[in-house]
Structure formats: C-alpha cells, structure tokens
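Chains, contacts and geometry: an overview
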Amino acid sequence: MTLEAELGEAIGPVQVLTDPSVTASYETDWTRHFSGQARCVVRPGDARDVGSVLRLCGRHGVAVVTQGGNTGLVGGGVPDGGEVVLSTSRLSDIGPVDVAAGQVTVGAGVTLTALQEVVRPLGLDFGVDFAARDSATIGGLVSTNAGGERVLRYGTMRQQVVGLEAVLADGSVLSRLEALPKENTGYDLVGLLAGSEGTLAVITAVRVRLWPLLTHRTVALLALDSTSAALQALAELKPRLGALEAAELFLADGLALVREHTGLPAPMAGEHAAYLLVECADRVDRGDEMLEALEEVSGLVPGLADIVMGADERGRRGLWRYREAHTESINATGVPVKLDVAVPHSHLERALEELPGVVTQVAPGARTIIFGHLNEGNLHVNVLGATDHHGVSEAVLRYVASLHGSISAEHGIGRAKTQWLALSRSEPEIAAMRSIKAALDPGLLLNPGVIFPHG
Ligand code: MLT
Ligand code: ZN
C-alpha cells in the first residue's frame, strides 16, 4: 500500500491532500522565498492522528514538515522537496478558560486572533502579539519562540507556555497540560520544545498563561532626526513610564514604502529620519503620565522633532498601522532577504548607522529597510533588489556576530540560517543540540534541514 493510502486509512482519506492545486498553498512561504514540493499534505484531527502520521511516515522513510499558519520567515514550515506537510489547521479547539488560574489550553492550530477573541471578553489577555495575528498559530508561536511587540512587558512565547502536548517522532504522546505553578521534576521538556522549530516533536496543544486585560492604551509616535535620538528618547522614557508595553522603531525609507503601498497620509508634517512608536497600557488611563513624560523628554533630547498621540482607539490603530504595515509593504515591493538580528544596546547606534553600508558593499544598489523592536535591540533588516541573497546574509550576519549580537532574535534559524548557526552558538552548544536531536528523532523524521544543515 502507498503511504498516501495508509495515511488515508489512518486519519480519513479527505484529510490527505494530493491535488497540486490544493497543496500549492502549503508549498511556498508567504514571502515567496522558500518553496518545495510536498509528497502530500495531511490534516490530523488530534494527537492520536499525529502519532499515526508520524509512525507511518517513519515506516516509509518520508520526512515530515509541520506547518501552522505559514507565516514563518525562515523557511522552517515549508517542504524542501518530498516531505509530508503536517498541517495543524484542524487542531483548533479552545478549552474552557480558567479565569482564576489565568490559563487556557488551545490546539496548536488556533490563531492568535482567535485566542484573543475568546479571552478578552473575560477580562484576560495574551502576552504575545504581532501583525500576523490573523494567520499565525499558537503552535507556530511556540515552535519558533515568537517575540513580537510586547516582549518588553511579557517576554517571549516561551514565557507564556505553562504546559503542552506534543507527539514525538516514534508516535508517542508527551502530555504535560496540567500546569502547576511550582513543578520541579526533572528536565524542562516544555521549555525545550519551545523554539525547537518542529525538529524535536509535533506540538498539538498548548496550555498558555493569560494576563489581566489592560483596558486603557495610550500610544505616541515620536519623530526624531536620527536613530541615536530615538535610542536616547527610549532610554529617557523607560524609567518614566511604568506602564510601557511597546517601543517600536522604523525609519524614513520604511515609512515612505508603507505610505506608497497603503496610501496612508503622512503621520505628521515634515520628513524625519527615525520614528519611535511607544505604547503604555494599564487598567487606568495613563495618558497624562505619558504626556508629562514626553514633555520632559522633549527638553532632554534635542533630536526629538515632533510627537503625535493617538486620540482614541481609531487613532491608536492608525499609528500602529505605520509600523505593522512594514512587512506587507516590503513584500509587495519584491522578494526580500529578511534578516532578523539582535544587537546589544551598546552597539545599536553603530549597527543602525553601518548596516546599510554593510549591505551595499555586497549588493550595490540594494535597498535596506530596517525596522524592529528597539527595546530588545531586535532589528529586522530587509534587503530589496539584491541578486546575491547569500552574500547579503553572509555580510549582515557576520557583521552582527562581530558586535556580539544574535543572528536570529525571534524568527528562528529555519532553513535560511543553518550555515551561520555557529556565529551565535558555540561548538559545545551545537554538539549538545545535535545530541538532543539524535536522541528524540534518530531517524531524522522531523523537519530535516531545519536548524542544522542536512546530513
Ligand atoms: C514584525 O516585527 O513585524 C515581524 O517580525 C515581521 C517581520 O519581521 O517582517
Ligand atoms: Zn518582529
């Protein structure tokens, strides 16, 4: 019997997709940078189904790539060629919200928006948020240890996971969904699977931590005449704003691209080199505190040229749109080289200044659009119009490593950065990671070629 027929028997023939017109959308990532043909796409309905899929694929020697919302940016969720794509789309249950514990169990295929829509009416919120919320899934967020716009306050995805259910390569189910606040019995397997990019297990359900919903949000967009002024403004604002939740940076060329793509009007008069979007959130209105802090900081940061504040929810969303529309605007312009790096604060000013030159040295004429999460030193370096994508990655990642930065702040290694892993991890670290991979997935069934190069 063929693998497809056996998979159909195990999870239902309609859940095994082979028609190329149907499987096509699973085979390319949405930046159009990574693609490969899938052997077929399977849509298991629960952990038992996933176990059957893994056992059958193992028996046939066919590798498996797990895919959530397909919003990943390093090629970790699309096939390289010939793998079975395991879609988590049917793992979409949302369990009862435990308001007292501030926890809920959700299927790996639940989108971030769906989770927000269930918990917010109950006065609770989820700690991770970012622009791809309508498609990005909770399983994908865990697999990549997603960061986003609220790390300043809540940390990354790993900090939001209190338990999970996952299926190991041999088909056995690892279930740790009863989340005790204190639990010190052996290795932290939950923490290990967060950020493992589908290489150690298939995550099927996640028990997440919820936070009190902060009902009052105040946002301000600061225009600055240099990136160093943006850094200075953030350094002055942080100790003055106890309710600070986000500090996002974008630059003049990124704003121009966003306006071109979206047709949005200028956020304020004049042109400025850098923009810093700051948001405070609390259960009471922090507008006055924000105004007072901004007034003080205006006197301290000479490069702070202008400020606009979101007057109401519509105004707030309007200001966020300038920041969140960067990804789609860049994508609409071409297939970018997307490099997601982090630089220590002490080197941020220098990195912001030097990165465009680092790119043009290997790709003359290319456009470098930088934006990101300033508090974490997390810069999204997007390069458009370069023919030598490998050369650009090599130059930027080596430069970042020379500043003791990270070659991947939040998007992961995926297939995109495997050859540069050693720039951010030492030999003993990589050896330890390889031992874990070999122990949990000796047959290299799960996402081969992701994190570590093939072989
Ligand atoms: C973002 O911060 O908007 C995301 O990481 C997406 C991106 O880098 O394009
Ligand atoms: Zn980001």
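In case you missed it, the structure is sitting above this.
Position numbers for residues count from 1 along each chain, tracking the sequence in the order it is written. All chains are assigned letters beginning with A, and all ligands numbers beginning with 1, in the order in which they are written. pLDDT decides what is reported in this predicted model: residues at 70 or higher carry local features, side-chain atom pairs at 80 or more are listed and counted, and totals for whole chains, interfaces and linings draw on all residues regardless. No hydrogens and no water enter the side-chain calculation; it runs on all heavy atoms of the structure.

**Some words on the packing of helix 11 (residues 313-324) against helix 12 (residues 326-333)**
- Note on definitions: angles span 0 to 180 degrees between N-to-C directions of axes, and those axes are lines fitted to C-alpha atoms, for helices only across the stretch in contact. The helix and strand labels rest on DSSP assignments: H or I over at least four residues marks a helix, E over at least two residues marks a strand, and numbering proceeds from the N terminus. Their axes nearest at 5 Å, the elements helix 11 and helix 12 cross at an angle of 40 degrees. Comparing their axes, helix 12 and helix 11 come out oblique. Where helix 11 abuts helix 12, its residues Arg321, Tyr322, Arg323 and Glu324 lie against His326, Thr327 and Glu328.
- Note that Gly is not counted as nonpolar here; it falls among the polar residues with everything else outside the nonpolar set of Ala, Val, Leu, Ile, Met, Phe, Trp, Tyr, Cys and Pro and the charged set of Asp, Glu, Lys and Arg. When the residues that make up the contact of helix 11 with helix 12 are grouped by side-chain class, the tally is one nonpolar, two polar and four charged. Oblique is the label for every angle not falling under 35 degrees (roughly parallel), over 145 degrees (roughly antiparallel), or within 65 to 115 degrees (roughly perpendicular). Whether two residues are in contact is decided by their heavy atoms, any of which lying within 4.5 Å being enough.

**What about the site of ligand 1?**
- All residues adjacent to ligand 1 are Leu73, Arg323, Thr327, Lys338, Phe371, His373, His380, Glu410 and His411.
- Polar contacts, as counted here, are pairs of nitrogen or oxygen atoms within 3.5 Å of one another; within protein the pair requires one atom able to donate a hydrogen and one able to accept it, and residues that are adjacent in sequence qualify only if both atoms are side-chain atoms. Here histidine 380 contributes a side-chain N or O atom positioned 3.0 Å from an oxygen atom of ligand 1.
- In the model, an oxygen atom of ligand 1 is placed 3.0 Å from a nitrogen or oxygen of the glutamate 410 side chain.
- Each accessible area value is a Shrake-Rupley result obtained with a 1.4 Å probe; residue values ignore everything except the protein chains displayed when judging cover. In isolation ligand 1 offers 270 Å² of accessible surface; the protein chains occlude 90% of this area.
- In terms of residue class, the shell around ligand 1 is built from two nonpolar, four polar and three charged. Near, as used in this document, describes a residue that has one of its heavy atoms within 4 Å of the molecule or strand being considered.

**Some thoughts on the sheet that holds strand 3 (residues 64-67)**
- Here we have four strands laid out as an open sheet, ordered 1-2-4-3, and mixed in their pairing. Of all strands in the sheet, those with a lone pairing partner are strand 1 (16-17) and strand 3, marking the two edges.
- By the convention used here, strands pair only if DSSP detects at least 2 bridges between them. As defined by bridge partners, strand 3 adjoins strand 4 (residues 84-87) across four bridges and the pair is classed as parallel. Considered in strand 4, the bridge of threonine 66 is made with leucine 86.
- Across the sheet, helix 3 (residues 47-60) lies against strand 2 (40-42), strand 3 and strand 4, angled at about 170 degrees from strand 4, the strand it touches most.

**As for the side chain of serine 87**
- Residue placement: serine 87 occurs in strand 4.
- For every residue, the accessible area (1.4 Å probe, protein chains only) is compared with the maximum for its type, and the residue is labelled buried under 20%, exposed over 50%, or partly exposed between those bounds. Looking at serine 87, the relative accessible area reads 2%, which means it is buried.
- Engagement of the side chain of serine 87 in a polar contact is seen with the side chain of serine 89, the distance being 3.0 Å.
- With sequence-adjacent residues up to four places away left out, serine 87 is seen in contact with Tyr26, Val41, Val42, Arg43, Pro44 and Gln67.

**Quick look at helix 9 (residues 252-262)**
- Inspection of helix 9 places Gly254, Leu255, Leu257 and Val258 among the buried residues, and these make up the whole buried set. Take helix 9 and look down its axis: the buried residues cluster within an arc of 160 degrees, on one side only.
- Of the surrounding secondary structure, the elements contacted by the buried residues of helix 9 are strand 12 (244-251), strand 13 (274-282), helix 11, helix 12, strand 16 (367-373) and strand 17 (378-384).
- Residue glycine 263 follows helix 9 closely and has a positive phi angle near 75 degrees. What the arc covers is the set of directions going from the helix axis to the C-beta atoms.

**Some words on the packing of aromatic side chains**
- For Phe, Tyr and Trp, where Trp contributes only its six-membered ring, two rings pair if their centres lie within 6.5 Å, and the inter-plane angle classes them as stacked under 30 degrees, edge-to-face over 60, or tilted in between. In this structure the tally under the stated criterion is two aromatic pairs.
- Consider the rings of tyrosine 154 and tryptophan 211, whose centres lie 4.9 Å apart with planes at 50 degrees: the pair is tilted. Of the two residues, tyrosine 154 sits in helix 6 (residues 151-154) while tryptophan 211 sits in strand 10 (residues 211-212), which places them 57 residues apart along the sequence.

**Description of the coordination of the zinc ion (ligand 2)**
- The donor set comprises N, O and S atoms within 2.8 Å of the metal, extended to 3.2 Å for Na, K and Ca; water molecules are omitted, so apparent gaps in a site may simply reflect that omission. Taken together, His373 (NE2), His380 (NE2) and Glu410 (OE) make up the protein donors of the zinc ion (ligand 2), found 1.8 to 2.2 Å from the metal.
- Here the donor residues of the zinc ion (ligand 2) share one chain and are spaced in sequence as H-x6-H-x29-E. Placement of the pair is histidine 373 in strand 16 and glutamate 410 in the loop between helix 14 (389-402) and helix 15 (421-424), with a sequence separation of 37 residues. Glutamate 410 matches histidine 373 in its accessibility class, with the two residues each being buried.

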